[in-house]
Amino acid sequence: MSTLNLGILAHVDAGKTSLTERLLYAAGVIDAIGSVDDGSTQTDTLALERQRGITIKTAVVSFAVGGRTVNLIDTPGHPDFIAEVERVLGVLDGAVLVVSAVEGVQAQTRVLMRVLRRLRIPVLLFVNKVDRRGADPARVLAAITESLTGSAVAMGAVRSPGTPGAAFAGYGPGDPAFTAALHERLAEHDDELLAAYLDGTRPPFRRLRRALAAQAGAGLAHPVFFGSAITGAGTGALAEALAALLPAAGGDPGGPAAGRVFKIERGPAGEKLAYVRMFSGTIAVRDRV
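All figures in this text were calculated on a predicted structure; none of them were measured in a lab.

### Re the sheet that holds strand β4 (residues 94-100)
At step 1: Strands sit in the order β2-β3-β1-β4-β5-β9-β6 across an open sheet of seven strands; the sheet is mixed. Whereas interior strands pair on both sides, the edge strands pair on one side only; in this sheet they are β2 (59-65) and β6 (152-154). Averaged over all neighbouring strand pairs, the angle between strand axes comes to 25°, with direction disregarded.
At step 2: Note: β4 against strand β5 (residues 123-128), six bridges, orientation parallel. In the sheet register, Val 98 faces β5, and the bridge partner there is Phe 126.
At step 3: Contacting β1 (2-10), β2, β3 (68-74), β4, β5 and β9 (222-226), helix α9 (residues 235-244) crosses the sheet at an angle of about 175° to β5.

Listed below in structure tokens is the structure:
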């Protein structure tokens, strides 16, 4: 089973911790979805986090989806704790950048996207809170294209935005407008698709899907999903995309041991716990490095 080291990043209050809870619940890791307001989430464990309803330190949880093990790192959204985010960027295989469908692209959103693009970390975008009053997915998508990336690819549309019944409808091969726009976008970085585009030839959808996965994995395209972490709308499509559109972790397990410690904390008995991302080699219990 392949592994994906995934970061969840966002401006504060965009809903990334709630999205983490939803993904864990859908994968069967937790039996009930915790609430940030109630201080019952899986990843916010500090007393101050539960009291304030914000993430202060990074937290790591794992789940399986699509035959892949995802090590999910939930990061703080408040700029006061940006150092926590910076420590994990170097260990990520991919990231989900969460944007509120109401507030839209915010200051920290732009900062995070610039860093992710500079480091060439593959990014999926998730426009959250489409069920909230004032949600405007079309406006937010336009802001993403203008402020964050000109390579945004909307992977579906939202029905009844701004209502509790808001739902995500994914695009597919039966949507000619989507396939045409996708072909045009992907042709910018694919000579074969560019030649087909200039000839007026329509490639099979599976060819476009492969090209999308390749370009998303290379950070050349940024698929955009819409939904609600609270209701679960759109989160299934996002979970599937984690396995289909983001690259798995690389490295040679038989090579020399090389890794990066990105988090240190104390365990229940006061012992020191170190989280390390291995780039090469293998470390077993009681190994001395």
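Now that the structure is up, let's keep going.
### Observations regarding the nonpolar core
At step 1: Leu 6, Val 96 and Ile 144 are the most contacted members of the largest nonpolar core, which has 71 residues in total.
At step 2: Excluding residues within four positions of it along the chain, Leu 6 makes contact with Val 70, Asn 71, Leu 72, Ile 73, Leu 92, Gly 94, Ala 95, Val 96, Leu 242 and Leu 246.

### Observations concerning helix α6 (residues 176-186)
Given 3.6 residues to a turn, an α-helix orients residues that are three or four positions apart in the same direction.
At step 1: The complete set of buried residues in α6 reads Phe 178, Thr 179, Leu 182, His 183 and Leu 186. Angularly, the buried residues of α6 cover 130° about the axis, an arc narrow enough to put them on a single face. Seen from the open side of α6, the exposed residues pointing more than 90 degrees away from its buried face are Pro 176 and Ala 177.
At step 2: Looking at the packing, one finds that the buried side of α6 touches β6, α7 (191-199) and α8 (205-217).

### Considering a nonpolar patch on the surface
At step 1: Judged by side-chain polarity, Leu 194, Tyr 197 and Leu 198 come together as a nonpolar surface patch covering roughly 300 Å² of accessible area.
At step 2: On the basis of relative accessible area, Leu 198 is assigned to the exposed category, the value being 65%.

### Quick look at the side chain of His 183
At step 1: Note on placement: His 183 falls in helix α6.
At step 2: Filtering out sequence-adjacent residues up to four positions away, His 183 remains in contact with Leu 193, Ala 196, Tyr 197, Thr 201, Pro 203 and Leu 208.

The rules we used
- Residues numbered from 1 in each chain as written.
- Predicted model: local features only at pLDDT ≥ 70, side-chain atom pairs only at ≥ 80, totals over all residues.
- Heavy atoms only, no water.
- Pairing = 2+ DSSP bridges.
- Helix = DSSP H or I, 4+ residues; strand = E, 2+ residues; numbered from the N terminus.
- Axes fitted to C-alpha atoms, helices over the stretch in contact; angles between N-to-C directions.
- Contact = heavy atoms within 4.5 Å.
- Core = buried A, V, L, I, M, F, W, Y, C linked by side-chain atoms within 4.5 Å.
- Buried < 20%, exposed > 50% of the residue type's maximum accessible area, 1.4 Å probe, protein only.
- Arc of directions from axis to C-beta.
- Patch = residues over 30% accessible without salt bridge, like charges linked within 9 Å, V, L, I, M, F, W, Y side chains within 5 Å.
- Areas by Shrake-Rupley, 256 points an atom, 1.4 Å probe, with all protein chains shown as cover.
- Salt bridge = Lys/Arg side-chain N within 4 Å of Asp/Glu carboxyl O.

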